[in-house]
Amino acid sequence: MGQEFQQSDLRDVKVHTVTLGEGIKGFVYVSQRNASHIFIEESLSPECTAKTLAHEIYHLKYDKLSHGIGLDKQQAESEQEADRFAANNFHRILPLFRVNAI
Amino acid sequence: MSSVIGDRIRDLRDRRGFKQQELADKIGTSRQVLSNWERGYTPVDTDGVLKLAKIFEVSTEYILHGREDNTISPAKQIALALEDDDELLAFFNELSKREDLMLLFKQVKPLKRDVIKRIIKYIKIVEDEEANE
């Protein structure tokens, strides 16, 4: 607990809003060249987008154990941690979208 | 009336992208019988459980009781969704060898075949672009 989102968390992360489809809000992928990519479903509301983004940032920044491929409830505990982080921090991310939208 | 076994069958069928008729043909039964299993109108017979387990590559235990540890691994699930696309499958097989692989999904329900395909396509685009930088 206690982790807080900083704008610099997004500095080295490429965020892509794309069509993903039913059942998934986003995913995080670290490429072979060690670049961090977050993909977010484009049809989500701004709030939901910010929460999903915060959730994925948690995985990238704090969730050192989660290497591998995570689907379903495979990583239940770290998913819950990421959700807590998202709930506590999405309001810090939301303004960034409003700025970008202008 | 709903049935947890029926829900699991429909869930597995959705994940593999089969229509009811397609799955019924593989089992060797009619679409109506399969539909009745999925909706819990009639119980699945022993032969049906065995065939479903074989087709979906899960244990009979999973079909009957839904124990998570008997489900197919995420990597296997993705590979199955890509089985009709040689290029993407070859790409994913290489990718899944990476020891530092980090690929995590924020999902609200099991992913369908076309969604999994789209995800791997996006990853391939990213890798192709970075290779050309």
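Residues numbered from 1 in each chain as written. Chains lettered and ligands numbered in written order. Predicted model: local features only at pLDDT ≥ 70, side-chain atom pairs only at ≥ 80, totals over all residues.

So what exactly am I meant to see when it comes to the overall build of chain B here?
Scanning chain B from N- to C-terminus turns up eight helices and one strand. In chain B, which comprises 133 residues, the proportion classed as buried is 29%. At a minimum sequence separation of 6, the contacts of chain B that also span at least 24 residues come to 55%. (Helix = DSSP H or I, 4+ residues; strand = E, 2+ residues; numbered from the N terminus. Buried ≥ 20, exposed ≤ 12 C-beta atoms within 10 Å, placed from the backbone. Contact = placed C-beta atoms within 7 Å.)

What am I meant to see in the packing of helix H1 (residues 4-16) of chain B against helix H3 (residues 31-39) of chain B here?
Each pair of packed helices can be described by the angle between their axes along with the distance between the axes. Residue and element names in this part refer to chain B. For the pair H1 and H3, interaxial distance at closest approach is 6 Å and the crossing angle is 120°. Of the possible angle classes, the one that applies to H1 and H3 is oblique. Counted together, Gly6, Ile9 and Arg10 of H1 and Trp37, Glu38 and Arg39 of H3 form the full contact between these two elements. Considering only residue class, the contact of H1 with H3 consists of two nonpolar, one polar and three charged. (Axes fitted to C-alpha atoms, helices over the stretch in contact; angles between N-to-C directions. Parallel < 35°, antiparallel > 145°, perpendicular 65-115°, else oblique. Nonpolar A, V, L, I, M, F, W, Y, C, P; charged D, E, K, R; others polar.)

Would you take a moment to explain the confidence of the model for chain B for this structure?
As a general rule, the predicted coordinates of low-pLDDT regions are not to be interpreted in detail. Residues and elements named next belong to chain B. Taken residue by residue, chain B gives an average pLDDT of 86. The fraction at 70 or more is 92%. The lowest-confidence element of chain B is strand S1 (residues 102-107), averaging 76 in pLDDT; the highest-confidence one is H3, averaging 96. Quick note on the complex model: pTM equals 0.65, ipTM equals 0.76. (pLDDT = per-residue confidence, 0-100.)

What exactly am I supposed to notice about unusual backbone geometry here?
The bulk of non-glycine residues show a negative phi, and the bulk of peptide bonds are trans. Although it is not a glycine, Asn34 of chain A sits at a positive phi angle of roughly 65°. Relative to the helices and strands, Asn34 of chain A is located in the loop between strand S2 (24-30) and strand S3 (36-41).

Would you mind going over the packing of helix H2 (residues 20-27) of chain B against H3 of chain B with me for this structure?
All names here are of chain B. Between H2 and H3, whose axes approach to 8 Å, the crossing angle comes to 105°. On the basis of the axis angle, H2 is roughly perpendicular to H3. On H3, the residues touching Gln20, Gln21, Leu23, Ala24 and Ile27 of H2 are Arg31, Val33, Leu34 and Ser35. Of the residues contributing to the contact of H2 with H3, the split by class is five nonpolar, three polar and one charged.

Explain the nonpolar core here, please?
Side chains of a nonpolar character, in soluble globular proteins, are inclined to be buried together. Membership of the largest hydrophobic core comes to 36 residues, with the highest contact counts inside it found for Phe27, Val28, Leu53 and Ala54 of chain A together with Ile116, Ile119 and Ile120 of chain B. Elements with a minimum of two residues in this core: S2, S3, helix H1 (46-61) and helix H2 (76-101) of chain A together with helix H6 (74-81), helix H7 (86-95), S1 and helix H8 (113-131) of chain B. Top element by residues in this core is H1 of chain A. It accounts for six residues. Each residue touching Val28 of chain A, except ones within four places of it in the same chain, is listed here: Ile38, Glu56, His59 and Leu60 of chain A together with Met102 and Leu104 of chain B. By size, the runner-up hydrophobic cluster in this structure holds 10 residues, among which are Leu23, Leu34, Trp37 and Val44 of chain B. (Core = buried A, V, L, I, M, F, W, Y, C linked by C-beta atoms within 7 Å.)

It is not clear to me how the confidence of the model for chain A should be interpreted in this structure. Could you clarify?
Counting all residues, the mean pLDDT for chain A is 77, and 76% of those residues have values of 70 or more. When mean pLDDT is taken per element in chain A, S3 of chain A scores highest with 91 and strand S4 (residues 68-70) of chain A scores lowest with 65.

What is the right way to read the pairing of S2 of chain A from this model?
Looking down a regular strand, the side chains alternate between one sheet face and the other. Counting buried residues along S2 of chain A, six of its seven residues qualify, which places the element largely inside the surrounding structure. Two strands pair when backbone bridges link them, and S2 of chain A and S1 of chain B are joined in this way by six bridges, in the antiparallel orientation. Along S1 of chain B, the bridge assignment pairs Tyr29 of chain A with Leu103 of chain B. Bridging between S2 of chain A and S3 of chain A involves five bridges; their strand directions are antiparallel. Bridge pairing in S3 of chain A links Tyr29 of chain A to His37 of chain A. Hairpin connection of S2 of chain A to S3 of chain A: five residues between the antiparallel strands, including Asn34 of chain A at a positive phi of 65°. (Pairing = 2+ DSSP bridges.)

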